[in-house]
Amino acid sequence: MPVDVNLPKEGMIYQREQYQKGGIGRWYWDYRDRKIIKYLVDSKCTEVNKRIIDIGCGEGILIEKILQMFPEKEIIGIDPSKENIEICKAHNLKVYHGSVYSLPFNDLSVDCVLLIEVIEHLDHPDKAISEIKRILKKNAFFIILFPHDIIFKYSRIITFKLKEAFYDSGHVKQWTPKEMHKFLVLNGFEIISRKNLPCHIWLISLHCLMVARKL
């Protein structure tokens, strides 16, 4: 991907290689991204999401999709992996090498932050959410998505994706929707939407997608 800057290079799984394989994996990836992107123009959120920061942007697939649909928007990727940054720049994407703990943006300067499959990698989520709040404008939106690891593992086994099933994801915490809801509220956000994907029930879902507004 590389999915985690701290993981060994040997046996690395790359996002664009996985995406190009097609099949049910790509179908779900596109489905997931459509659910994320719809909130960038949803009336429940805002119609003025002009400056969007994708923290932990990986190889930039989501950024490309957003720009294809909304070329007028400014979307900037941040990633701690220099290799990911090189891949993004090779696809002419605006990205910076950096950390969620020290974002290169002014206070109250961002309309929307995306944190997609990142928080489960973080040793210090409290520090990360404080930095995200710093750069978000008042009433701006925060879109976060995190995986349900055990369901991912089972789904990969039954679809014979054994390398992915037993790959070291670098996750340090399995979040639940209830925990995330409480975490965001305690840190000054109002929850606008919460959806489990692709099923309504978390116990059999692959992801939770949550949208919050900075108070």
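Keep in mind it's a predicted model, so treat the numbers as computed, not measured.

Things to note about the overall build of the protein
In terms of regular secondary structure, the protein is built from eight helices and seven strands. Out of the 215 residues in the protein, the part that is buried amounts to 51%. Of the contacts made within the protein by residues no fewer than 6 positions apart, 70% connect residues no fewer than 24 positions apart. For the protein, the computed accessible surface area is about 10,900 Å², with 55% contributed by carbon and sulfur atoms.

Description of the side chain of Lys-214
You can see Lys-214 is positioned in strand 7 (residues 207–214). For the buried residue Lys-214, which engages in no salt bridge, the nearest side chain bearing the opposite charge is Asp-107, 8.4 Å off. Among the polar contacts listed, one links the side chain of Lys-214 to the backbone oxygen of Lys-133, at a separation of 2.7 Å. Reaching out from Lys-214, the side chain makes a polar contact with the backbone oxygen of Leu-136 at a distance of 2.7 Å. For Lys-214, the contacting residues outside a window of four places in its chain are Leu-108, Lys-133, Leu-136, Lys-137, Lys-138, Asn-139, Ala-140, Gly-188 and Phe-189.

Topic: the environment of Phe-142
With respect to the element layout, Phe-142 can be found in strand 5 (residues 136–147). Separated by 68 residues in sequence, Phe-142 and Met-210 have C-alpha atoms that sit 8.3 Å apart. Those residues within four positions of Phe-142 in sequence are excluded, and the remaining contacts are Val-113, Leu-115, Ile-129, Ile-132, Leu-136, Leu-184, Phe-189, Met-210, Val-211 and Ala-212.

So, the sheet that holds strand 6 (residues 189–197)
With mixed pairing, seven strands are arranged side by side in an open sheet as 3-2-1-4-5-7-6. The open sheet has two edge strands with one neighbour each: strand 3 (95–97) and strand 6. Sheet twist, expressed as the average angle between the axes of neighbouring strands with direction ignored, equals 15°. Note that strand 2 (residues 74–79) and strand 3 share three bridges and pair parallel. Bridging across to strand 3, Gly-77 finds its partner in Val-95. Relative to the sheet, helix 8 (residues 177–186) contacts strand 5, strand 6 and strand 7, its axis offset from that of strand 6 by approximately 165°.

Points about the pairing of strand 5
Working note: regular strand, side chains alternate between the two faces of the sheet. Across the 12 residues of strand 5, nine count as buried, placing the element largely inside the fold. Relative to strand 5, strand 4 (residues 110–116) runs parallel, the two sharing six bridges. Residue pairing in the sheet places Leu-115 in a bridge with Ile-144 of strand 5. In this fold, the crossover linking strand 4 to strand 5 by way of helix 5 (residues 125–135) has right-handed handedness. Two elements, strand 5 and strand 7, share seven bridges in a ladder whose sense is antiparallel. Across the sheet, residue Ile-144 finds its bridge partner in strand 7, namely Met-210.

Concerning the pattern of salt bridges
Within this structure, the stated rule accounts for 12 salt bridges. Glu-64 serves as the salt-bridge partner of Arg-16, at 3.2 Å between the closest nitrogen and oxygen. Remark: Glu-64 occurs in helix 3 (residues 61–69) and Arg-16 occurs in helix 1 (residues 15–20); sequence separation between them is 48 residues. For Arg-16, a relative accessible area of 17% translates into the label buried. With its nearest N and O atoms 2.7 Å apart, the salt bridge here joins Asp-30 to Lys-65. With Asp-30 in helix 2 (residues 23–38) and Lys-65 in helix 3, this pair connects stretches of sequence that are 35 residues apart. Sharing partners across several salt bridges, the network here consists of Asp-30, Arg-32, Asp-33, Lys-65 and Glu-117.

What counts as what
Residues numbered from 1 in each chain as written. Predicted model: local features only at pLDDT ≥ 70, side-chain atom pairs only at ≥ 80, totals over all residues. Heavy atoms only, no water. Helix = DSSP H or I, 4+ residues; strand = E, 2+ residues; numbered from the N terminus. Buried < 20%, exposed > 50% of the residue type's maximum accessible area, 1.4 Å probe, protein only. Contact = heavy atoms within 4.5 Å. Areas by Shrake-Rupley, 256 points an atom, 1.4 Å probe, with all protein chains shown as cover. Lys, Arg positive; Asp, Glu negative; His and termini not counted. Salt bridge = Lys/Arg side-chain N within 4 Å of Asp/Glu carboxyl O. Polar contact = N/O pair within 3.5 Å; in protein donor to acceptor, adjacent residues only side chain to side chain. Pairing = 2+ DSSP bridges. Axes fitted to C-alpha atoms, helices over the stretch in contact; angles between N-to-C directions. Right-handed = clockwise from strand over helix to strand, strands pointing away.

These figures come from the coordinates and say nothing about function on their own.
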